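Single-letter residue listing:
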Amino acid sequence: MAEKKNNTKNILSWVLIIVLAILVLTPTTRTAIQRGLMKIGLFNPSVPKQTAAEPSATPMVMTETVTLSDDAGKRIQTHELQGKVVFINFWATWCGPCRAEMPSIQKLYDKYKDNDKVVFMLVEIEHNADGAKAFMEKEKLNMPIYYPESEIPTTWLSGAIPSTVVLNKQGALAFDHKGMADYSTKEFEDFMISLINQ
């Protein structure tokens, strides 16, 4: 009798392990879990504690530039955006963490899309225009998608995606984060405001 109970426990344990493995390995479920972890604050980006009232002693100046194209094929170089705060997110359609953080970027974008001092560039690094459009439509996202047309500096993208950089109005790197993050936090919004007001 005791042996039968142990066998039943072992079978139930294995079934539970298999079910959990399937849940974690399924992309949709994994994305949902990642978004849940972002909501509880496990993936908040670390932003510099600088305010507009206290600018840094040494102003940051542009050191890098990248050429990107939009869905219509129009090319733009990041140095042409000086005078604006530029949020750049590097991602790929197959990247689960990239997909998981997109709703938080959409929330940030919605707050600043009408601000002429802010530019958002979501750079799909593999030129998968059809996949990017399909993903945006499926997730009901409406952010501008760009594609790299020149080499991306390793200070901006060092092989890990998602990767996000924010350039200040002088075109210099003001923020750099590798990996998934929640960009809809008040702390990140305050950081963006401080850059806009500089």
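Residues numbered from 1 in each chain as written. Predicted model: local features only at pLDDT ≥ 70, side-chain atom pairs only at ≥ 80, totals over all residues. Heavy atoms only, no water.

> Is there a simple way to think about the nonpolar core in this case?
Counting 48 residues, the largest nonpolar core has I88, F90, W91, M121, V166 and F188 as its most contacted members. Broken down by secondary-structure element, the contributors of at least two residues to this core are strand 3 (85–91), helix 3 (96–112), strand 4 (118–124), helix 4 (129–139), strand 5 (145–148), strand 6 (163–167), strand 7 (173–178) and helix 5 (186–196). Once you skip the residues sitting within four places of it in the chain, F90 turns out to touch V123, I125, I152, W156, L157, I161, P162, S163 and V165. (Core = buried A, V, L, I, M, F, W, Y, C linked by side-chain atoms within 4.5 Å. Buried < 20%, exposed > 50% of the residue type's maximum accessible area, 1.4 Å probe, protein only. Helix = DSSP H or I, 4+ residues; strand = E, 2+ residues; numbered from the N terminus. Contact = heavy atoms within 4.5 Å.)

> I'm lost on unusual backbone geometry in this one. Help?
Here the residue pair I161 and P162 is connected by a cis peptide bond, since its omega of -5° sits within 30 degrees of zero. The residue H127 is not glycine, and still its phi comes out positive at about 60°. Turning to its location among the elements, H127 is positioned in the loop between strand 4 and helix 4. Its identity as a non-glycine residue notwithstanding, K140 has a phi of 60°, on the positive side.

> Would you explain the pattern of salt bridges in this entry?
A side chain of one charge can pair with a side chain of the opposite charge if their charged atoms are brought near each other. Under the counting rule described, the total for this entry stands at five salt bridges. D110 serves as the salt-bridge partner of K113, at 3.9 Å between the closest nitrogen and oxygen. On the basis of relative accessibility, which here comes to 37%, the residue D110 falls in the partly exposed class. Close ionic contact of K111 with E189 constitutes a salt bridge, the shortest N to O distance being 2.8 Å. Here K111, found in helix 3, pairs with E189, found in helix 5; they are 78 residues apart in sequence, far enough to count as distant. Given a relative accessible area of 49%, K111 falls into the partly exposed group. (Salt bridge = Lys/Arg side-chain N within 4 Å of Asp/Glu carboxyl O.)

> Please clarify how the sheet that holds strand 5 should be interpreted in this entry.
The strands making up a sheet associate through backbone hydrogen bonding, with each pair oriented either parallel or antiparallel. Pairing within the open sheet is mixed, and its seven strands lie in the order 2-1-5-4-3-6-7. Each end of this open sheet is capped by a strand with a single partner; those strands are strand 2 (75–77) and strand 7. Taking each pair of neighbouring strands and ignoring which way they run, the sheet shows an average axis angle of 30°. Both strand 3 and strand 4 contribute to a ladder of seven bridges, which runs parallel. Its bridge partner lying in strand 4, F90 is registered against V123. Packed on one face of the sheet, helix 3 meets strand 3, strand 4 and strand 6 and runs near 160° to strand 3. Helix 4 contacts strand 3, strand 4 and strand 5 of the sheet and is inclined by roughly 155° relative to strand 5. (Pairing = 2+ DSSP bridges. Axes fitted to C-alpha atoms, helices over the stretch in contact; angles between N-to-C directions.)

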